[in-house]
Amino acid sequence: IDLPMDSYLIQLESIEDYKHAVFEGPWKIADHYLLVQKWRLGCFMEADLENRVVVRVCMPNLPIELSNEEFLTRVGNIVGVMLKIDSVTSLHLSGKFACFCVELDLEKP
């Protein structure tokens, strides 16, 4: 559905499609980044659209003893609102970096 402020509302067929759309970005169409957000009541208020973004944070050279869900969740919640830990990170398959997704409020320092 075409909405005001260059926004669109879409309905996905499955939770897997939702997770892919939200967590596997960033998405780019015709040299423009596409911001994907979960629907929230009243979320099409202009301030909300402009001030929240989901980002993927990668921490290179993280010691293996810190590459665990508890530590990454604590860091993610300091940075923003923790959404998801990268599946490779959570399985400890990568010793080179750890990644997670957080929602940031761009009005906060």
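None of the values given here were measured: they were computed from a predicted structure.

S.K.: How would you summarise the overall build of the protein chain if you had to cite specific residues and measurements?
M.R.: Each helix and strand in the protein chain was counted, giving four helices and seven strands. For the protein chain, the α and β elements follow one another from N to C terminus as β-β-α-β-β-α-β-α-β-α-β. Nonlocal contacts in the protein chain, meaning residues at least 24 apart in sequence, comprise 51% of its contacts between residues at least 6 apart. With the model as given, the accessible surface of the protein chain reaches about 8,200 Å², and the carbon-plus-sulfur share is 58%.

S.K.: Can you break down the state of the cysteines residue by residue, with the values?
M.R.: Under the counting rule described, the total for this entry stands at one disulfide. No disulfide involves Cys101; its sulfur sits 8.5 Å from the nearest other cysteine sulfur, which is in Cys99. Overall, the relative accessible area of 5% leaves Cys101 in the buried class.

S.K.: Help me get a handle on the nonpolar core, residues and values and all.
M.R.: In a soluble, globular protein the nonpolar side chains are often hidden away together inside. If you look at the biggest cluster of nonpolar residues, it comprises eleven residues: Val53, Met59, Leu62, Leu72, Val75, Met82, Ile85, Ala98, Phe100, Val102 and Leu104. No other element matches the four residues that strand β7 (residues 97-105) contributes to this core. Ignoring sequence-local partners within four residues, the contact set of Phe100 consists of Val55, Arg56, Val57, Met59, Leu72, Val75, Gly76, Met82, Lys84, Ile85 and Asp86.

S.K.: Requested: an account of helix α3 (residues 69-79), with residues and values cited.
M.R.: By the burial criterion, the buried members of α3 are Leu72, Val75 and Gly76. The buried residues of α3 occupy an angular sector of 100° when the element is viewed end-on, so they sit on one face. Seen from the open side of α3, the exposed residues pointing more than 90 degrees away from its buried face are Glu70, Arg74 and Ile78. Capping the start of α3 is the job of one residue whose side-chain oxygen sits 3.2 Å from the backbone nitrogen of Glu70: Asn68.

S.K.: Any details on the pairing of β7? Residues and values, ideally.
M.R.: The side chains of a regular strand alternate, first on one face of the sheet and then on the other. Summarising burial for β7: seven of the nine residues are buried, a large majority. Pairing of strand β6 (residues 81-85) with β7 involves four bridges; the strand directions are antiparallel. From the neighbouring strand, Ile85 faces β7, where its bridge partner is Phe100.

S.K.: Describe in detail unusual backbone geometry, supporting the description with residues and values.
M.R.: Of note, the phi angle at Asn61 is positive, near 55°, even though the residue is not glycine. Along the chain, Asn61 turns up in the loop between β5 (52-60) and α3.

S.K.: Can you break down helix α1 (residues 15-23) residue by residue, with the values?
M.R.: Turning to α1, its buried residues are Ala21, Val22 and Phe23. Buried positions in α1, seen along its axis, are confined to an arc of 165° and lie on one side of it. In this structure, the buried side of α1 is in contact with β3 (27-29), β5, β6 and β7.

Scoring rules and cut-offs
Residues numbered from 1 in each chain as written. Predicted model: local features only at pLDDT ≥ 70, side-chain atom pairs only at ≥ 80, totals over all residues. Heavy atoms only, no water. Helix = DSSP H or I, 4+ residues; strand = E, 2+ residues; numbered from the N terminus. Contact = heavy atoms within 4.5 Å. Areas by Shrake-Rupley, 256 points an atom, 1.4 Å probe, with all protein chains shown as cover. Disulfide = S-S within 2.5 Å. Buried < 20%, exposed > 50% of the residue type's maximum accessible area, 1.4 Å probe, protein only. Core = buried A, V, L, I, M, F, W, Y, C linked by side-chain atoms within 4.5 Å. Arc of directions from axis to C-beta. Polar contact = N/O pair within 3.5 Å; in protein donor to acceptor, adjacent residues only side chain to side chain. Pairing = 2+ DSSP bridges.

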